[in-house]
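So you can see what is in the structure, the chains are spelled out below.
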Amino acid sequence: MAASFFFAFRRAIFTIAKLILPLGGLYMLMPSKSRAKTNILKFKSEDQVAAALAKYVADLSDKSIKEKGSFSVVLSGGSLIHTLRKLVEDPYKTDVEWSKWLIFWVDERVVPLDDPESNFKQATDGFISKASTNLLPVPPPPPNIYAINDKKSPKGAAEDYEARLKNLVQIKTIPVSKASGCPKFDLMLLGMGPDGHVASLFPSRPQRKEKKKWVTFITDSPKPPPSRITFTFPVINSASEIAMVVTGSEVADAVKVALGGGRGWGGTTLPCTEVSAEGELTWFLDKDAASKL
Ligand SMILES: O=C(O)[C@H](O)[C@@H](O)[C@H](O)[C@H](O)COP(=O)(O)O
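Conventions we followed
Position numbers for residues count from 1 along each chain, tracking the sequence in the order it is written. Per-residue local features are limited, in this predicted model, to residues with pLDDT of at least 70; the limit for side-chain atom pairs, both in listing and counting, is 80 or more; totals at the level of whole chains, interfaces and linings are taken over all residues. In computing side-chain properties, one takes all heavy atoms of the structure into account and sets aside hydrogens as well as water. For the purposes of this entry, the term helix denotes a DSSP run of H or I that reaches at least four residues, the term strand denotes a run of E that reaches at least two, and both are numbered from the N terminus. Only protein chains enter the accessibility calculation, which uses a 1.4 Å probe; a residue whose area is less than 20% of its type maximum is buried, one above 50% is exposed, and one in between is partly exposed. Method for areas: the Shrake-Rupley scheme with a 1.4 Å probe, in which residue coverage is limited to the protein chains shown. Any two residues whose heavy atoms approach within 4.5 Å are treated as being in contact. When we say a residue is near a molecule or strand, we mean one of its heavy atoms is within 4 Å of it. N or O atoms closer than or at 3.5 Å make up a polar contact, with two conditions inside protein: a donor-capable atom paired with an acceptor-capable one, and, for residues adjacent in sequence, both atoms drawn from side chains. When DSSP finds at least two bridges between two strands, those strands are taken to pair. Lines fitted to C-alpha atoms define the axes here, with helix axes fitted over just the stretch in contact, and angles between the N-to-C directions of these axes take values from 0 to 180 degrees. Grouping buried Ala, Val, Leu, Ile, Met, Phe, Trp, Tyr and Cys residues that are joined through side-chain atoms within 4.5 Å yields what is termed a nonpolar core. The predictor attaches a confidence to each residue, called pLDDT, with possible values from 0 through 100.

(A) Focus on the overall build of the protein chain. Along the protein chain, the regular secondary structure elements total eight helices and nine strands. Among the 293 residues that make up the protein chain, the fraction classed as buried is 48%. Approximately 14400 Å² of the protein chain is accessible, and the part contributed by carbon and sulfur atoms is 61%.

Written out as structure tokens, the structure is:
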């Protein structure tokens, strides 16, 4: 009696195990946030970075527009705009469906939109105005280009930008990340400073630790000008794809910390090491930036 019960029980266990184990295997194959893929692309020159970046962005744009009719891109300031130059040359200039782009800024200086220090102005002059007349952001900027409200204080501009993002999520123009509840942009194009800052999240400033707000502000930025708004890491890290576009020898030490297992100065971690994408994070490095890897 006991023996037949034992064998029946054992058979039941094996049957259940056979059903559950493969699912466990599937789980292991499922990408999790911690296993989001990182690609490190090293090029001989900044010009080669620019060429590779143009193809990467154009391909993502094409895929996103085919899938959902739009492409949300978040720009940084600084040298990124120059490195995007080949995207507004042929063949991409004519191939990309610019009118389906939604353009945002991961950070912005709180200055008038026509101020030479404005990321909006730098992007308009250096990139957007060359892309297509559909995108020409004559003041006020067209609806698909989300410049900050430059009439507000840093705090007000951050709150205003966050409110606009919340509305875009509510009307489903921008999807929301199931993992974080934050807006999920298709692509974020980030630069990095020599101190390892990304956006306007600096090693020595508290904004890098902000976990609730989507957009915050700073008035004592170590990188001038002092007043900026910036996405926070919960939003940055909810992006489908992130490209870290990093060139020049002055960032080689920060690249080594981010990718070579180094530690920040004084043992601190650097903001650049906190960047992760829900899809793929791709580093575009020239030889100088990668020289200490
Ligand atoms: O508004 C800004 O200043 C930028 O968004 C900033 O985060 C920039 O991306 C880095 O400072 C790198 O700048 P460079 O590429 O010019 O070195």
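After that view of the structure, there is still more to cover.
(B) Molecular detail of the side chain of Q207. Tracing the backbone shows Q207 in the loop between β5 (187-190) and β6 (215-218). Discounting chain neighbours no more than four positions away, the residues touching Q207 are L201, T216, F217 and I218.

(C) The arrangement of the site of the ligand in detail. Neighbouring the ligand are 13 residues; S79, D107, H197, A199 and K223 lie closest to it. Within the contact set of the ligand, an oxygen atom lies 2.5 Å away from a side-chain nitrogen or oxygen of S79. Residue R228 places a side-chain N or O atom 3.3 Å away from an oxygen atom belonging to the ligand. Taken by itself the ligand offers 420 Å² of open surface, and the protein chains cover 88% of this.

(D) Quick look at the sheet that holds strand β3 (residues 101-105). Reading across from one edge, β1-β9-β8-β5-β2-β3 is the order of the six strands in this open sheet, with parallel pairing throughout. Each edge of the sheet is formed by a strand with only one pairing partner; in this case those strands are β1 (37-43) and β3. The average angle at which neighbouring strand axes cross in this sheet is 15°, direction not considered. Bridge count for strand β2 (residues 71-75) against β3 is five bridges, and the pairing is parallel. Its bridge partner being in β3, L75 is matched across the sheet by W105. Strands in contact with helix α2 (residues 46-68) are β1, β2, β3, β5, β8 (241-246) and β9 (280-286); relative to β9, the strand with the most contacts, it is inclined by about 155°. Lying over the sheet, helix α8 (residues 252-259) contacts β1, β8 and β9, oriented at roughly 150° with respect to β9.

(E) View of the nonpolar core. Among the nonpolar cores identified, the biggest contains 82 residues, and L87, W101, M188 and F231 are the most heavily contacted of them. Sort the elements by how many residues they give to this core and α2 lands first, with eight residues. Beyond its immediate sequence surroundings of up to four residues, F231 is in contact with V74, W105, V106, Y161, L165, F185, M188, L201, W214, V215 and I236.

(F) Structural context of the side chain of S221. One can find S221 in the loop between β6 and β7 (228-231). Of the polar contacts made by the side chain of S221, one reaches the backbone oxygen of K223; its length is 2.5 Å. Contacts of S221, omitting those with residues within four sequence positions, involve F202, P226 and R228.

(G) Expanded view of the environment of P271. With respect to the helices and strands, the residue P271 is situated in the loop between α8 and β9. Linking P271 and F233, residues 38 residues apart in sequence, is a C-alpha distance of 9.0 Å. Not counting residues within four places of it along the chain, the set of residues in contact with P271 comprises G196, H197, V198, L201, F202, P203, R208 and F233.

(H) Broad picture of the confidence of the model for the protein chain. Taken over all residues, the pLDDT of the protein chain has a mean of 88, while the share at 70 or more is 82%. Every residue in residues 20-35 is under pLDDT 50, and counting partners more than four places away or in other chains gives six contacts. Across the assembled chains, the prediction reports ipTM 0.98 with pTM 0.86.

(I) The sheet that holds β6, seen in detail. Spatial ordering of the open sheet is given by β4-β7-β6, a layout of three strands whose pairing is antiparallel. Single-partner strands in this sheet number two, and they are β4 (107-109) and β6. Within this sheet the neighbouring strands show an average axis-to-axis angle of 20°, counted without direction. When β6 meets β7, the two strands line up antiparallel, connected through four bridges. Residue V215 lies in a different strand from β7, and its bridge partner there is F231. In this fold helix α6 (residues 154-170) packs onto β6 and β7, with an angle of close to 165° to the strand it touches most, β6.

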